[in-house]
Amino acid sequence: MLSEAALDRHDVAIEARGDRLAAQVARLCRFWKEMGMRGLDCPAPEPRPQPG
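The following refers to the structure shown.

Cut-offs and rules
- Residues numbered from 1 in each chain as written.
- Predicted model: local features only at pLDDT ≥ 70, side-chain atom pairs only at ≥ 80, totals over all residues.
- Heavy atoms only, no water.
- Helix = DSSP H or I, 4+ residues; strand = E, 2+ residues; numbered from the N terminus.
- Rg over C-alpha atoms; globule rule 2.2 N^0.38 Å.
- Buried < 20%, exposed > 50% of the residue type's maximum accessible area, 1.4 Å probe, protein only.
- Lys, Arg positive; Asp, Glu negative; His and termini not counted.
- Charge placed at Lys NZ, Arg CZ, Asp CG, Glu CD.
- Disulfide = S-S within 2.5 Å.
- 1 Å grid on protein atoms, 1.4 Å probe; cavity = no way out; pocket = protein on both sides within 12 Å on 5 of 7 lines; lining within 4 Å.
- Points joined across faces, edges and corners; volume = space filled by probe spheres on them.
- Nonpolar A, V, L, I, M, F, W, Y, C, P; charged D, E, K, R; others polar.

1. A look at the overall build of the protein chain
What the protein chain contains, in helices and strands, is one helix and zero strands. The C-alpha atoms of the protein chain give 17 Å as radius of gyration, which overshoots the globular expectation for 52 residues (10 Å, by more than 25%). Overall, the C-alpha framework of the protein chain stretches about 50 × 35 × 10 Å when taken along its three principal axes. When the 52 residues of the protein chain are sorted by exposure, 6% land in the buried category. Side-chain charges in the protein chain split into 8 positive and 8 negative, and the spacing between the mean points of these groups amounts to 11 Å.

2. Some remarks on the state of the cysteines
Here is the idea: a disulfide is a covalent bond, and it sits between the sulfur atoms of two cysteines. Inspection of the entire model under this criterion finds one disulfide. Between the sulfur atoms of cysteine 29 and its disulfide partner cysteine 42 the distance amounts to 1.9 Å. The chirality of the disulfide connecting cysteine 29 with cysteine 42 is left-handed, given an S-S dihedral of about -80°. Of this pair, cysteine 29 sits in helix H1 (residues 4-34) while cysteine 42 sits in the segment after H1; the two residues are 13 residues apart in sequence, bridging distant segments of the chain. Each member of the pair cysteine 29 and cysteine 42 is classed as buried.

3. Remarks on the layout of surface pockets
Of the pockets and cavities examined, the largest pocket occupies roughly 210 Å³. Lining the largest pocket, in full, are Asp19, Ala22, Ala23, Ala26, Arg27, Arg30, Pro43, Ala44, Pro45, Glu46 and Arg48. The residue inventory of the lining of the largest pocket, partitioned by class, reads six nonpolar, no polar and five charged.

Structure, rendered in C-alpha cells:
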C-alpha cells in the first residue's frame, strides 16, 4: 500500500506533465499559425516571470 504523501507526489507529477504538454501544444500551434497555417485558434503565451 502507498502512503498518502506518495500518492500526492504522484498526482502533482501527473498534473505537471499535463501542464508541460499543454504548453508544448500551444507553442506548436503558435508556430504553425506564424508559418501561415489557417484555421488555428491558439492560446496566448504565458507571461515569463521577471527576474528580481
